[in-house]
Structure formats: structure tokens, C-alpha cells
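Residues per chain are reported as follows:
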Amino acid sequence: MALIEVSRLEKSYGAIRAVKNVSFSVDRGEVVGFLGPNGAGKSTTMKLLTGYLRPDAGTAVVAGFDVVEHPVAAKAHLGYSPEGAPAYGEMTVREFLRFAAELRGLTDPAQRVADTLKLCRLEEVAGQSVDTLSKGYRMRVGFAQAVIHDPAVLILDEPTDGLDPNQKFEVRRILKDMAARKAVIVSTHILEEIAELCTRVIVIAQGEVRCDESKERFLQRGADLNQVFRKLTA
Ligand code: ADP
């Protein structure tokens, strides 16, 4: 069984069918780029996978645990950085990660915080409150809380959104370093991110999967990725 198994997921908000019959699976070692225009249903799918929202129908299974039936076990294997990487702004980076480590019930929170600060290159700002950080550092704090328990499954909603090229490079580098051991889903609307980071691409539009294939195959669709994207999502 793959680390992520999504089967026939459905979710509506009132009359809006945000996610329609979505199925896919993700194995260890895969970094799936989740692409789609605004409003396509990417965030909703991620929220269903992380158990934050309950599906109207279908199932999401993380590391063998159904996220609705066994939410605690599923969440133990899952790290999630929501869009905008929200954090408690008045806490320092170290305090926030300590809080995340304690919420996770980790046996050695101080060590995990130290390891994660190092991994995410946050040591130099560890004593600074989150509110005072640049956007690049704030996004890395969101990423750091998602990986503090070294989860097998990582779900990242636009982790490089709004970052400058150096900051993007840094987040991608950290992610690539750990990707071989994990199943990762990264939503993005930055098409260059696919070639840089992903092994596979899932395109979603109007709540439906429009394409699910290897990065190599996706890149063969055309030299102009913007045009490929428009064609698939129109
Ligand atoms: P994406 O992440 O691809 O931009 P979303 O999953 O956020 O897409 O949204 C999918 C659709 O569901 C959109 O039409 C959006 O307006 C709608 N939607 C998202 N969240 C809510 C909500 N809390 N209440 C009502 N409609 C929502």
C-alpha cells in the first residue's frame, strides 16, 4: 500500500462542488506537484487528506490509517503546512517549535527542536519572535513545524509562495534533502517548481483530476508549460 491513498473523494461547500471524485496514491520517494488554477480544489483536497475537513464521500488513507476513522494515528504520520504557513506570531521560533513538539508528544522535544532548527536553517533566528521574521523565514517556520516529528507524509500548501529566488531555492533544497524517505505533496502555481522539485505532477481543475503522470512525461507535453497548463485546466 502507498503512503497516501485517496479514493473517490468528494467535498462540497453548499452548492459549490469543490472536489469531485478525486483518486490518486503517492509512494515513498515521490514528490507530487499539485497544480491547478485558483479555486481548483487543491487546498480543499489537502484539508481532506489532513483530516482538517471531513469528506462527503470517499476515503483518504495516510500510512495505512484512514484519516476519518483513525485521525490520531493518521496525523502522527503526517506533517502539514497550510497556505501562508500560519504560526503564533508572539512566540519566538524556538518556543513555537517547542510548542509543536510538545503537542506532538515527542519524547525528546528539546533535541527535536534543536535538530529541526538546524535542518531548516533557522538557528540564527531561533530567539526572534515569528512576527518579526521576513516572509522567507516565516515560511520555513511553517515548514519546520510540519517536519518536527519526521513524518512519513508531508503535505505543503504553496510552501514557496511569495518568496524571492534565494528563499525558494532554500526551501526546495531542504525538501529535496528529505524527499527520498517521504511521500510529499506540494501545491504550487509556480510551473518552474515542477522541473526543480517534483517527480510527478497532478493537475486539478474545477475539482477534477485532469492529469496524473511522471514529471518527465508532463514536461514532454510542450516547451511552454504555461500553455500546457492552460490547455489542461481550461
Ligand atoms: P485552490 O486551493 O485550488 O485555490 P480551494 O480548495 O481553496 O481551491 O477552493 C475550491 C472551491 O471551493 C473554490 O470555488 C472556492 O471558492 C470554494 N471554497 C473553498 N473554501 C470554501 C469555504 N470555506 N466555503 C465556501 N466555499 C469554499
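Residues numbered from 1 in each chain as written. Predicted model: local features only at pLDDT ≥ 70, side-chain atom pairs only at ≥ 80, totals over all residues. Heavy atoms only, no water.

J.: Now, about the packing of helix 5 (residues 135-147) against helix 6 (residues 165-179): what can you tell me, with residues and values included?
T.: Interhelical geometry of helix 5 versus helix 6 gives an angle of 15 degrees and a closest axis separation of 10 Å. Viewed along their axes, helix 5 and helix 6 adopt a mutual orientation that is roughly parallel. Like other packed secondary-structure pairs, helix 5 and helix 6 cross with a definite hand, here right-handed. Of helix 6, the residues touching helix 5 (which contributes Gly136, Arg140, Phe143 and Val147) are Gln167, Glu170, Val171, Ile174, Leu175 and Met178. Classifying every residue of the contact of helix 5 with helix 6 gives six nonpolar, two polar and two charged. (Axes fitted to C-alpha atoms, helices over the stretch in contact; angles between N-to-C directions. Helix = DSSP H or I, 4+ residues; strand = E, 2+ residues; numbered from the N terminus. Parallel < 35°, antiparallel > 145°, perpendicular 65-115°, else oblique. Left-handed = near helix turned anticlockwise from the far one by under 90°. Contact = heavy atoms within 4.5 Å. Nonpolar A, V, L, I, M, F, W, Y, C, P; charged D, E, K, R; others polar.)

J.: Describe the sheet that holds strand 9 (residues 200-205), and please don't skip the residues or the numbers.
T.: On the basis of which strands lie adjacent, the open sheet formed by six strands has the order 6-7-8-3-9-10 and mixed pairing. The sheet is open, and its two borders are formed by strand 6 (78-81) and strand 10 (208-214), each paired with just one other strand. The sheet shows a mean angle of 15 degrees between the axes of neighbouring strands, taken without regard to direction. Here five bridges tie strand 7 (residues 153-157) to strand 8 (residues 183-188), and the two strands are oriented parallel to one another. By the bridge assignment for strand 8, Val153 is matched with Ala183. Packed onto the sheet, helix 5 meets strand 6 and strand 7 and runs at close to 165 degrees relative to strand 6. Across the sheet, helix 6 lies against strand 3 (31-35), strand 7 and strand 8, angled at about 160 degrees from strand 7, the strand it touches most. (Pairing = 2+ DSSP bridges.)

J.: Before we move on, could you go through the domain arrangement of the protein chain and cite the residues and values that matter?
T.: The domain architecture assigned to the protein chain consists of domain 1 (1-77 + 152-167 + 179-234) and domain 2 (85-150). The C-alpha-based centres of domain 1 and domain 2 are spaced at 25 Å. Facing the 14 residues of domain 1 at the interface are 10 residues of domain 2. Roughly 840 Å² of surface becomes buried between domain 1 and domain 2 when both sides are summed, with 54% attributable to carbon and sulfur atoms. Taken as a group, Leu154, Leu163 and Gln167 account for 36% of the area that domain 1 buries against domain 2, more than any other trio of residues on that side. Our count for the contact surface shared by domain 1 and domain 2 stands at two salt bridges. For Asp150, the salt bridge identified is with Arg181, shortest N-O distance 3.3 Å. (Domains from an automatic or database assignment. Buried area = accessible area lost by both parts, 1.4 Å probe. Salt bridge = Lys/Arg side-chain N within 4 Å of Asp/Glu carboxyl O.)

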